[in-house]
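This is what each chain is made of:
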Amino acid sequence: MGMMQEFREFAVKGNAMDLAIGVIIGGAFGKIVDSIVGDLVMPIVGKLIGGLDFSSYYIPLAGQAAGLSLEEAKKAGAVFAYGNFITILVNFILLAFIIFMMVKQINRLKKEEPAPAPEAPPEEVQLLREIRDSLKR
């Protein structure tokens with residue numbers, strides 16, 4: 001029973017719950033960024049460089065016929081699928097930039113207020129300091 005009690009205390013601590021919430025929100029946020037990259041950014045990039053589906057760009061390595069889809073080319077042999085890699089790389093860069101901006105804003109909001117001026121010491125302490133200073137002379 002002691003181990004269950006320890007586990008329950010660990011699970012309901014603020015840090016463990018914050019971590020769980022962060023992982024869940026991060027997963028959902030990752031899906032949003034995947035959609036932004038896959039559905040909005042990469043089609044524009046693909047259109048700019050002359051293609052429609054950038055993620056299906058590949059170089060055949062096993063002598064596949066030209067014009068096959070990426071899936072068909074993979075079934076026929078090895079391919080160098082650089083388009084999918086670039087899509088994932090853009091996804092990572094966009095996600096990292098968004099997280100950077102979020103952390104920057106959070107840190108800006110968390111800026112510490114200046115420390116309050118120290119309070120004047122009690123009268124007894126002030127008198128004792130004066131006595132100490134006059135005895136030093």
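Keep in mind it's a predicted model, so treat the numbers as computed, not measured. (Residues numbered from 1 in each chain as written. Predicted model: local features only at pLDDT ≥ 70, side-chain atom pairs only at ≥ 80, totals over all residues. Heavy atoms only, no water.)

So, on to the environment of Glu123. Note on placement: Glu123 falls in helix H5 (residues 123–136). In this structure Glu123 comes out as exposed when scored by relative accessible area, which is 60%. For Glu123 and Ile24, which are 99 residues apart along the polypeptide, the C-alpha to C-alpha distance reads 56 Å. (Helix = DSSP H or I, 4+ residues; strand = E, 2+ residues; numbered from the N terminus. Buried < 20%, exposed > 50% of the residue type's maximum accessible area, 1.4 Å probe, protein only.)

This next bit is on the UniProt feature "transmembrane region" (unreviewed entry) in the protein. Mapped onto the present numbering, the UniProt feature "transmembrane region" (unreviewed entry) falls at residues 12–33 and 79–103. Taken end to end, residues 79–103 is 88% helix and 8% strand, and its first and last C-alpha atoms sit 39 Å apart. (UniProt positions renumbered as here; feature names shortened; annotations may be inferred.)

Looking now at the packing of aromatic side chains. Under the counting rule described, the total for this entry stands at two aromatic pairs. Consider the rings of Tyr57 and Tyr82, whose centres lie 6.2 Å apart with planes at 55 degrees: the pair is tilted. With Tyr57 in the loop between helix H2 (14–48) and strand S1 (59–60) and Tyr82 in helix H4 (residues 82–109), the pair connects residues that are 25 residues apart, well separated along the chain. What links up through ring pairs into an aromatic cluster is the set Tyr57, Phe80 and Tyr82. (Phe/Tyr/Trp six-rings, centres within 6.5 Å; stacked < 30°, edge-to-face > 60°.)

Mean pLDDT for the protein: 81, with 93% of residues reaching 70 or above. Across the protein, H5 holds the top mean pLDDT of 89, while helix H1 (residues 2–12) sits lowest at 78. (pLDDT = per-residue confidence, 0-100.)

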